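# Structural description and commentary
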Amino acid sequence: LTARGVDVRLSDLDDSAARTAAALGAGSAVPPADTVDLVIVAVPPAHVAATLADAMTRGLGRGYLDVASVKGGPRRDLEALGCDLSAYVGTHPMAGRERSGPLAATEDLFEGRPWVLTPTPATDTDVLNLALELVALCGAVPVVMDAEAHDRAVALVSHTPQLVSSMVAARLEHAEDSAVRLCGQGILDVTRIAGSEPAMWMDILAANPGPVADVLADLAADLGSTVEALRALQSADDAKRRDGAAAVRDVLVRGRAGRAKVPGKHGAAPKAYEVVAVLIGDQPGELARLFADAGSAGVNIEDVRIEHSTAQQAGLVHLFVEPRSAPVLAAALRDRAWSLRP
Ligand SMILES: NC(=O)c1ccc[n+]([C@@H]2O[C@H](COP(=O)([O-])OP(=O)(O)OC[C@H]3O[C@@H](n4cnc5c(N)ncnc54)[C@H](O)[C@@H]3O)[C@@H](O)[C@H]2O)c1
Ligand SMILES: O=C(O)C(=O)C[C@]1(C(=O)O)C=C[C@@H](O)C=C1
């Protein structure tokens with residue numbers, strides 16, 4: 001954000017964390033003199049509501065958002081605290097590391113990643129626009145979702161995989177050195193996130209236990225039937241061995257089909273997109289209007305980058321789209337009087 005000209009002020013319970021982040025160029029640890037545009041809360045899920053409520057009571061910002069990995073609980077906690085939710089939008093960038101703290105941060109962490117926004121009909125449009133601008137400034141892809149649907153989705157794609165990775169890695173703790181020495185790329189891929197901070201994951205799992213238990217129960221059923229199938233493969237009975245082989249193959253085939261659904265642009269093979277560059281005015285609502293116009297032209301924006309001009313009140317927005325969509329988008333935007341750059 002600082003590299004894009006945004007004035008960022010940092011505050012943390014642990015002063016040294018804020019000072020380290022400031023020294024790395026993330027902003028200044030000096031409190032702002034005036035009300036800021038957007039207060040971004042990045043604390044463990046259980047502390048989100050109290051931290052936001054405190055910031056709201058002090059009138060620190062025009063808009064407020066959090067980046068916690070779970071969305072239903074913090075919203076319910078804020079409601080229970082009697083906070084005005086119109087100036088708040090819950091968000092979650094789907095990007096992170098297996099390491100915590102400011103030293104684990106990288107400036108391109110959010111680039112090309114989905115960033116979930118969970119506005120409700122009560123959310124102020126200006127606040128949603130500020131959040132969209134933040135997402136675009138970080139080069140992330142905005143995804144709008146309902147908070148509860150988000151929590152079920154991350155139980156499937158993030159929280160259960162963390163537990164399963166930990167469980168596979170836990171098998172290695174007391175394994176023979178002669179076995180561990182043989183570790184190759186496969187186990188490295190499966191266990192990378194097992195190196196994550198247990199305290200951070202306890203906070204996340206404690207905030208989303210039901211949906212994670214549901215996914216894990218389905219997985220446990222697969223595990224149980226795979227154990228039985230492998231035992232059947234040891235049988236002297238031909239029919240039992242055939243059934244066992246069919247059941248083991250079934251889980252491998254289903255796994256391959258699931259893997260094929262993991263989207264390429266969020267971490268797998270990079271894809272070539274074409275860029276449509278649009279000059280926008282530096283005023284509230286411009287980005288939202290641009291995204292809406294792209295949407296009504298039926299074009300999916302795969303990625304967004306913004307270059308800010310310090311000399312003038314304008315920014316250059318690079319919209320990344322599928323090559324076949326680029327001429328369609330360019331024509332639609334020209335029709336709506338947007339100024340396009342070559
Ligand atoms: N690390 C990831 O992969 C990742 C990705 C997306 C979202 N998140 C979410 O982002 C949030 C922060 O995670 P992180 O990985 O940056 O953790 P972190 O441990 O690196 O940072 C959390 C910071 O919050 C501070 N803190 C704790 N309680 C506080 C309070 N009451 N007031 C002010 N500061 C307080 C801590 O001192 C710490 O510096 C969490 O809600 C997490 O779920 C994490
Ligand atoms: O890649 C990793 O190391 C992560 O754990 C990142 C990851 C994820 O599961 O994708 C983990 C938790 C956050 O809420 C968001 C992102």
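Data block above holds the structure.
The rules we used
- Residues numbered from 1 in each chain as written.
- Chains lettered and ligands numbered in written order.
- Predicted model: local features only at pLDDT ≥ 70, side-chain atom pairs only at ≥ 80, totals over all residues.
- Heavy atoms only, no water.
- Helix = DSSP H or I, 4+ residues; strand = E, 2+ residues; numbered from the N terminus.
- Buried < 20%, exposed > 50% of the residue type's maximum accessible area, 1.4 Å probe, protein only.
- Areas by Shrake-Rupley, 256 points an atom, 1.4 Å probe, with all protein chains shown as cover.
- Lys, Arg positive; Asp, Glu negative; His and termini not counted.
- Charge placed at Lys NZ, Arg CZ, Asp CG, Glu CD.
- Near = heavy atom within 4 Å.
- Polar contact = N/O pair within 3.5 Å; in protein donor to acceptor, adjacent residues only side chain to side chain.
- Nonpolar A, V, L, I, M, F, W, Y, C, P; charged D, E, K, R; others polar.
- Core = buried A, V, L, I, M, F, W, Y, C linked by side-chain atoms within 4.5 Å.
- Contact = heavy atoms within 4.5 Å.
- Expected span 1.5 Å × (residues − 1).
- Arc of directions from axis to C-beta.
- Pairing = 2+ DSSP bridges.
- Right-handed = clockwise from strand over helix to strand, strands pointing away.
- Salt bridge = Lys/Arg side-chain N within 4 Å of Asp/Glu carboxyl O.

### Topic: the overall build of the protein
Within the protein, the regular secondary structure consists of 12 helices and nine strands. Expressed as lengths along the three principal axes of its C-alpha atoms, the size of the protein is roughly 80 × 50 × 40 Å. Here the protein holds 342 residues, and the buried ones make up 35% of them. Accessible surface computed for the protein: about 19,600 Å², of which carbon and sulfur atoms make up 56%. Treating the 32 positive side-chain charges of the protein as one cloud and the 44 negative ones as another, the clouds have centres 7 Å apart.

### Concerning the site of ligand 2
Inspection of the region around ligand 2 gives Ser69, His92, Pro93, Met94, Ala95, Gly96, Arg97, Glu98, Ser158, Arg192, Ile193 and Trp201 as its neighbouring residues. Between an oxygen atom of ligand 2 and a side-chain N or O atom of Ser69, the distance comes to 2.7 Å. Coverage of ligand 2 by the protein amounts to 85% of the 370 Å² it exposes when considered alone. In the shell around ligand 2, the residues fall into five nonpolar, four polar and three charged.

### Points about the nonpolar core
Counting residues in hydrophobic clusters, the biggest one holds 49 residues, and the most contacted among them are Val278, Leu319 and Leu333. It is helix H4 (residues 125-137) that provides the largest number of residues to this core, a total of seven residues. Residue contacts for Val278: discarding those within four places in its chain leaves Leu290, Gly315, Leu316, Val317, Leu319, Leu333, Trp338, Ser339 and Leu340. One finds Val70, Ile204, Leu205 and Val215 within the second-largest nonpolar core, a separate group that totals seven residues.

### Observations concerning H4
The end-to-end C-alpha distance of H4 is 18 Å, a good match for the 18 Å that 13 residues give at a rise of 1.5 Å each. Those residues of H4 not exposed but buried are Val127, Asn129, Ala131, Leu132, Leu134, Val135, Ala136 and Leu137. N-capping of H4 is provided by Asp124, with a side-chain oxygen placed 2.9 Å from the backbone N of Asp126. After H4 finishes, the residue Gly139 shows a positive phi value of roughly 75 degrees.

### Concerning helix H2 (residues 45-57)
Taking 1.5 Å of rise per residue, 13 residues should cover 18 Å, and H2 covers 19 Å from first to last C-alpha, within 8% of that figure. Inspection of H2 places Pro45, Val48, Ala49, Leu52, Ala53, Ala55 and Met56 among the buried residues, and these make up the whole buried set. All buried residues of H2 fall inside an arc of 165 degrees around its axis, so they share one side. Exposed positions of H2 whose direction lies more than 90 degrees from the buried face are Ala46 and Thr57. Backbone geometry just after H2 places Gly59 at a positive phi near 60 degrees.

### Looking at the pairing of strand E5 (residues 141-144)
By the bridge criterion, four bridges tie strand E4 (residues 114-118) to E5 in an arrangement that is parallel. Within E5, the position partnered with Pro114 by the bridge is Val141. Read from E4 through H4 to E5, the crossover connection turns out right-handed.

### Concerning the environment of Ala22
Inspection of the secondary structure assignment puts Ala22 in helix H1 (residues 15-23). The exposure class assigned to Ala22 is partly exposed, which follows from its relative accessible area of 21%. Expressed as a C-alpha distance, the spacing of Ala22 and Val251, which sit 229 residues apart in the sequence, is 48 Å. The contact partners of Ala22, leaving out residues within four places of it in the chain, are Leu10, Gly27, Ser28 and Ala29.

### A word on the site of ligand 1
Near ligand 1, the surroundings consist of 21 residues, among which Asp12, Val43, Ser69, Ala95 and Gly101 are the closest. Separating a nitrogen atom of ligand 1 from a backbone N or O atom of Leu13 is a distance of 3.3 Å. Between ligand 1 and the protein, one listed contact pairs an oxygen atom with a backbone N or O atom of Arg97 at 3.5 Å. The set of elements that each furnish at least two residues to the shell around ligand 1 consists of H2, strand E3 (88-93) and helix H8 (198-206).

### Looking at the pattern of salt bridges
Applying the stated criterion across every chain, the model contains 10 salt bridges. Between Asp54 and Arg58 there is a salt bridge, with the nearest N and O atoms lying 2.9 Å from each other. Residue Asp54 is classed as partly exposed on the basis of its relative accessible area, which comes to 39%. Residue Arg254 is joined to Asp250 by a salt bridge in which the shortest nitrogen-to-oxygen separation is 3.1 Å.

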